[in-house]
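The primary structure of each chain is shown beneath.
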Amino acid sequence: MKDMNKLVDKILDAYPAKVMKNRKEHIVHKESDEISVINANTRTIPGIITNRGCAYAGCKGVVIGPIIDMVHIVHGPVGCSYYAWGTRRNKGRAKEGSKNFLNYCFTTDMQESDIVFGGDKKLAQAIKEAVETFNPRAISVSATCPVGLIGDDIHMVAKQAEKEYGIPVLAFSCEGYKGVSQSAGHHIANNKLMKDVIGTIDIPEEDKKPFSLNILGEYNIGGDEWEISRVLNKIGYNVLTTMTGNAEYEDIAKAHNADLNLVQCHRSINYIADMIEIKYGMPWMKVNFIGMENMSNTLRNIATYFGDADLISRTEQVIGQEMSEIKDDMAYYKNMCDGKTAMLFVGGSRAHHYQGLLGEIGMDTILAGYEFGHRDDYEGRDVIPYIKLDADTRNIEEITVEKDEKKYRLRIPAERLEELKKVLPLNNYAGLMADMKENSVVIDDLNHYETEAVIKALKPSFFGSGVKDKYMVQKMGIYSKQMHSYDYSGPYAGYKGAVNFARDTAAGIHTPAWSYTIPPWKKEPMLVGKVEGAEEAC
Amino acid sequence: MLNETTKEIKDRSALVVNPAKTCQPIGAMYAALGIHKCLPHSHGSQGCCSFHRMHLARHYRDPIAASTSSFTEGACVFGGKSNLKTGLENVFAIYKPDVVAVNTTCLSETIGDDLNDIILSTKIPEGKTVIYANTPSYQGSHVTGFSNMTKAMVTHLVNKNKLIGNGRLAVIPGYVEPSDMAEIKRMFAMMNVPITMFPDTSGVVNSPNTGKYEMYPEGGVTVEELSDLGNCESTIALGSFSSEAAAFELEKIADVEANVLNVPIGIKATDDMMMKVMEITGLEMSKELEFERGQLVDLMTDIHFHYHGKKVAIFGDPDIIIPMTEFVISLGMIPKYILTGTPGNAFEKAIGKILADAGIEDSKFKAGGDLMELHQWMKNDPVDMLIGNTYGKYISRAEDIPLIRLGFPILDRVGHSLFPVVGYKGAMRLIEKISTAFLDKYDRECDDDDFELVM
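All values reported here derive from a predicted model rather than from experimental measurement.

1. Concerning the overall build of chain A
Part 1 of the argument: Broken down by element type, chain A carries 23 helices and 14 strands.
Part 2 of the argument: Taken over C-alpha atoms, the radius of gyration comes to 25 Å for chain A, in line with the 24 Å a tight globule of 538 residues would show.
Part 3 of the argument: Viewed in the frame of its principal axes, chain A has a C-alpha envelope of about 95 × 65 × 55 Å.
Part 4 of the argument: Looking at chain A as a whole, 63% of its 538 residues are labelled buried.
Part 5 of the argument: Nonlocal contacts in chain A, meaning residues at least 24 apart in sequence, comprise 76% of its contacts between residues at least 6 apart.
Part 6 of the argument: In the structure as shown, chain A presents an accessible area of about 21,300 Å², 51% of it carried by carbon and sulfur atoms.
Part 7 of the argument: Of the side-chain charges in chain A, 64 are positive and 74 negative, and the distance between the mean point of each set is 2 Å.

What follows is the structure in structure tokens.
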């Protein structure tokens, strides 16, 4: 077993003093069951090659972009819109009669004159052209860095456009310099959806379906949401709204009509789940759809919440059915991957969610971390009251909501909810560290140099991260899988998704290419000379 | 696919839909990677750097290392000076590059950071170098960014005290693939002409897998070579949009004659380059290259009926699609639409002349256009083939015509970083692609009765 403390010290030793002091707080060696304090959601030091993106990437790229039937205008120079065009794999299928703009890219393509004289007019004209050309259900406007600096009032432009065209125009001040990572953008996006969209369309009582669920923090990457919904529908649930994968504008407007919020990505949306509960009385449950056991536990938890006998028995039936369909495949892949080690550096939840699935194919996660997680994602929600708010966080608007007297509805009696909280992850999340094994390492905002160092020292068989790390790790002879885009495969969620992941991982680890990394002449001594009599023999 | 794109064209003056360009900094980052042991540094929000690394890594399927000043809101208010100073100190301490090439972003340009001032006031370790280029995202395109960083290599690194001719040609390859740069180097080697190519990303962003990660692979032009550029005999700058600024700068500061040519895509542009090399050096044409040219002509005559008379739409970067337009004409095809997102009258002038010389009258061409407009042209008067980058795949599927992937970026296929499209060899590869695409479509769609063994 590697001495992880030595490794951590060695990594830190290479840093200049100030960097070392900073990075030290972001690295935790889990030596026992205790949860240590980790620093997270703080500025990346300039010059450090970080994987982090910006608020715009979190707002438009992650949260708003997947909404299918909206025209998403990016107000700024061309690049920001361009890089978020078709690159996230948030799949979506428009409903009958709806429009699908997912394959489009819209920008005001600001020029120097717009920077000098202001871009408000151009934005107003762009919205007009979007309405005339595409007649969308709604429009979003996302601001990029220069917009905030030159003082374009995108909110005023959006308001006027709403009046003029009679469709919602949502403006997001998600300039890239806000906050310290994508996380700021998730907040900016979700706060707006909470304020202006959720709760605006009521479903009449007679049209409401029983056992209605929302899936929050699920972006349908590689079709994950479709696979999750397939199973939920089979049991008898009605998936009302997904935020925001495979969602249309009206789905989000109706979200408050459901019976329970399921929170998949804790980081990007837990605060919205809290607000929906305060305003509309709908509790939320932390779920994990990744891996067989996590999926089954999640399904059982949801059934327990509703407490319906039929639902509970159908849940067991479906779990049994789905498990029996995949068990041979999973055993096959486990056999191929058993005993290998993994590292995960992804997202605000995936580095936690995938550990169960990796374990199911026999792989231990020895190192994990988040790109843009907060302390509660690592240490659990109990730490929230103790998190110090720094200036960067305070610059991001915090909204508070109040009970909506007309629409507030207790889903289950308060006493029963309190009872359920004792057995279910209702309004609760224990964080990533709780599930990490002893002698594992947790690193927040893992950077280029640290990645190289830990790969060299620990030589895992699998490194799950993004495209910026992937090829560097693979040059070192180690399989690296993009966990944002699944290397263009998927779905990975649910039962069938587990098989896809296991198949791809086994292939990645065992592809014959790895055996050719070192050429034969560098492995074997070259024989020089001639075998006597060989020529005659031929 | 793209169901909301109507045949009817409505004028748009403010909304760009499906752009055919991206912003300056990514081009600057790509150019900077063509210097040996250089770490590109993006002076702005960390999102810019992240997007550019992501996009380049997807295009090359290779590690792209670059650092950032990681601006926060505070930096926007007080200026990015301390971020860049701290950034440079950390970069040299941790990543140990020989050179750092700083590019600005729309953020640092809008707040008006003076890079010269900041870099001068930063302690740079001995023997290390920092160069910079202003690359505001709200001007030009990624091609402009490449051009600006290439020019910066001359401005900041060329030793102005001209000593003695070094007997070399300076060759600026333009915003092309590492495979193309390697092919251009091969062609000059076959002519026995020593060159200094800058930037040179071959070997950097198409590096081998050896089981060892090299943050700074073997490729790239060295600082010493760049410093010696002023002693070159002459400059061959390929592609006016990406290369002429650096060539003129070198002419200005070190009196090295600038020769601006097209990127050698297709037979004519390659012939032009070879003629210029012979003119400058007085050397005769390489026998091997003449042999390759003969093979190309042989291929062009033998299979012209696979594509002759077909109409094609071409989009992408000016320096790539100007010679490509010329090439498809030499294949007997009709370039019906030619569009770039990069602004600039020079593009329309060049294409206008190529079409006029070929007597082609009813083609449309545009600089500063977008792919929605190109698609609408195609809906009104269809073509048989689309040539352009990966973003053309939506249109190609919507209109059920083949897409030949050419230019930047190619995110969904491989080959571009390994096999060239320039030179005679590259022209043969392009013909193979064009011919195969037409024949594959025919084979897939024709009636059984018409299915042929020999074609």
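2. Observations concerning the interface of chain B and chain A
Part 1 of the argument: Listed as interface residues are 74 residues of chain B and, on the opposing side, 76 residues of chain A.
Part 2 of the argument: Here chain B meets chain A over a buried area of about 6,600 Å², counting both sides, of which 62% is carbon and sulfur.
Part 3 of the argument: The three residues of chain B that bury the most area against chain A are Glu4, Tyr138 and Tyr213 of chain B, which together make up 11% of that side's buried surface.
Part 4 of the argument: For Lys475 of chain A, the salt bridge is made with Asp62 of chain B, and the minimal N-O distance between the two is 2.7 Å.

3. Let's talk about the pattern of salt bridges
Residues and elements named next belong to chain B.
Part 1 of the argument: Per the stated rule, a full pass over the model turns up 52 salt bridges over all chains.
Part 2 of the argument: Note that Lys185 is salt-bridged to Asp200, the shortest N-O span being 2.6 Å. With Lys185 in helix α8 (residues 178-190) and Asp200 in the loop between β7 (195-197) and α9 (223-227), this pair connects stretches of sequence that are 15 residues apart.
Part 3 of the argument: Assessed through its relative accessible area of 29%, Lys185 is described here as partly exposed.
Part 4 of the argument: Take Asp200: its relative accessible area is 6%, and that puts it in the buried class.
Part 5 of the argument: The residue Asp412 makes a salt bridge to Lys393 at a minimum N-O spacing of 3.0 Å. One end of the pair, Asp412, is in the loop between β14 (403-405) and α17 (423-445); the other, Lys393, is in helix α16 (residues 393-399), and 19 residues separate them in sequence.
Part 6 of the argument: On the basis of relative accessible area, Lys393 is assigned to the partly exposed category, the value being 34%.

4. Section: the domain arrangement of chain B
Residue and element names in this part refer to chain B.
Part 1 of the argument: By domain assignment, chain B separates into domain 1 (24-157), domain 2 (169-207 + 214-285) and domain 3 (291-448).
Part 2 of the argument: Computed over C-alpha atoms only, the centres of domain 1 and domain 2 are separated by 24 Å.
Part 3 of the argument: Taken together, the contacts link 31 residues of domain 1 with 34 residues of domain 2.
Part 4 of the argument: Among the residues of domain 1 in contact with domain 2, Tyr30, His36 and Val154 are the three that bury the most area, contributing 23% of the side total.
Part 5 of the argument: Joining domain 1 to domain 2, the criterion identifies zero salt bridges.
Part 6 of the argument: Taken together, the connections running from domain 1 to domain 2 amount to 13 residue pairs in polar contact (both at pLDDT 80 or more).
Part 7 of the argument: Among the elements of the structure, α1 (24-32), β2 (38-43), α2 (46-60) and α7 (142-157) are those that each provide at least two residues to the side of domain 1 that touches domain 2.
Part 8 of the argument: Top contributing element to the side of domain 1 that touches domain 2 by residue count: α7, with 10 residues.

5. Some points on the packing of aromatic side chains
Part 1 of the argument: Applying the stated criterion across every chain, the model contains 31 aromatic pairs over all chains.
Part 2 of the argument: Between Tyr15 of chain A and Tyr449 of chain A the ring centres are 5.2 Å apart and the planes differ by 75°, which places this aromatic pair in the edge-to-face class. Taken together, the positions of Tyr15 of chain A in the loop between α1 (4-13) and α2 (17-24) and Tyr449 of chain A in helix α19 (residues 448-458) put the pair 434 residues apart, joining distant regions of the chain. The burial state of Tyr15 of chain A is the same as that of Tyr449 of chain A; both residues are buried.
Part 3 of the argument: Ring plane angle 45° and centroid distance 5.5 Å describe the contact between Tyr175 of chain B and Phe408 of chain B, whose orientation is recorded as tilted. Linking Tyr175 of chain B in the loop between β6 (169-172) and α8 with Phe408 of chain B in the loop between β14 and α17, this pair joins segments that are 233 residues apart in sequence.
Part 4 of the argument: Residue Tyr175 of chain B is classed as buried on the basis of its relative accessible area, which comes to 7%.
Part 5 of the argument: An aromatic cluster is defined as three or more aromatic residues linked by ring pairs; in this entry it consists of Tyr56, Tyr82, Tyr83 and Trp85 of chain A together with Phe51, Tyr391 and Tyr394 of chain B.
Part 6 of the argument: One cation-aromatic arrangement involves Lys286 of chain A over Tyr429 of chain A; the distance from NZ or CZ to the ring centre is 5.0 Å.
Part 7 of the argument: When the ring centre of Phe438 of chain B is taken as reference, the NZ or CZ atom of Lys310 of chain B above it lies at 5.2 Å.

6. Focus: helix α10 (residues 224-235) of chain A
Each turn of an α-helix holds 3.6 residues, which means side chains three or four residues apart point in the same direction.
All names here are of chain A.
Part 1 of the argument: A rise of 1.5 Å per residue sets the reference length of α10, with its 12 residues, at 16 Å; its end C-alpha atoms lie 17 Å apart and thus fit the reference within 8%.
Part 2 of the argument: Of all the residues in α10, the buried ones are Asp224, Glu225, Glu227, Ile228, Ser229, Val231, Leu232 and Ile235.
Part 3 of the argument: On its buried face, α10 sits against β6 (212-218), β7 (238-244), α13 (292-306), α14 (309-337) and α21 (494-510).

7. Focus on empty space enclosed by the protein
Part 1 of the argument: Within the structure shown, the criterion is met by four cavities of 30 Å³ or more.
Part 2 of the argument: Looking at the largest cavity, its volume works out to about 680 Å³.
Part 3 of the argument: Together, 40 residues line the largest cavity, and Val62, Arg88, Gln182, Phe372 and His484 of chain A are the ones closest to its centre.
Part 4 of the argument: Elements with a minimum of two residues in the lining of the largest cavity: α3 (55-64), α9 (182-196), β6, α15 (350-360) and α20 (467-475) of chain A together with α2 of chain B.
Part 5 of the argument: Among the elements that line the lining of the largest cavity, the one with the most residues is α2 of chain B, at five residues.
Part 6 of the argument: Of the residues belonging to the lining of the largest cavity, the class tally is 14 nonpolar, 19 polar and seven charged.
Part 7 of the argument: Put simply, the second largest cavity is a space of about 140 Å³.
Part 8 of the argument: Along the wall of the second largest cavity there are 19 residues; nearest its centre are Cys80 of chain A together with Gly47, Cys48, Phe51 and Cys106 of chain B.

Conventions adopted
Residues numbered from 1 in each chain as written. Chains lettered and ligands numbered in written order. Predicted model: local features only at pLDDT ≥ 70, side-chain atom pairs only at ≥ 80, totals over all residues. Heavy atoms only, no water. Helix = DSSP H or I, 4+ residues; strand = E, 2+ residues; numbered from the N terminus. Rg over C-alpha atoms; globule rule 2.2 N^0.38 Å. Buried < 20%, exposed > 50% of the residue type's maximum accessible area, 1.4 Å probe, protein only. Contact = heavy atoms within 4.5 Å. Areas by Shrake-Rupley, 256 points an atom, 1.4 Å probe, with all protein chains shown as cover. Lys, Arg positive; Asp, Glu negative; His and termini not counted. Charge placed at Lys NZ, Arg CZ, Asp CG, Glu CD. Buried area = accessible area lost by both parts, 1.4 Å probe. Salt bridge = Lys/Arg side-chain N within 4 Å of Asp/Glu carboxyl O. Domains from an automatic or database assignment. Polar contact = N/O pair within 3.5 Å; in protein donor to acceptor, adjacent residues only side chain to side chain. Phe/Tyr/Trp six-rings, centres within 6.5 Å; stacked < 30°, edge-to-face > 60°. Lys NZ or Arg CZ within 6 Å of the ring centre and 35° of its normal. Expected span 1.5 Å × (residues − 1). 1 Å grid on protein atoms, 1.4 Å probe; cavity = no way out; pocket = protein on both sides within 12 Å on 5 of 7 lines; lining within 4 Å. Points joined across faces, edges and corners; volume = space filled by probe spheres on them. Nonpolar A, V, L, I, M, F, W, Y, C, P; charged D, E, K, R; others polar.

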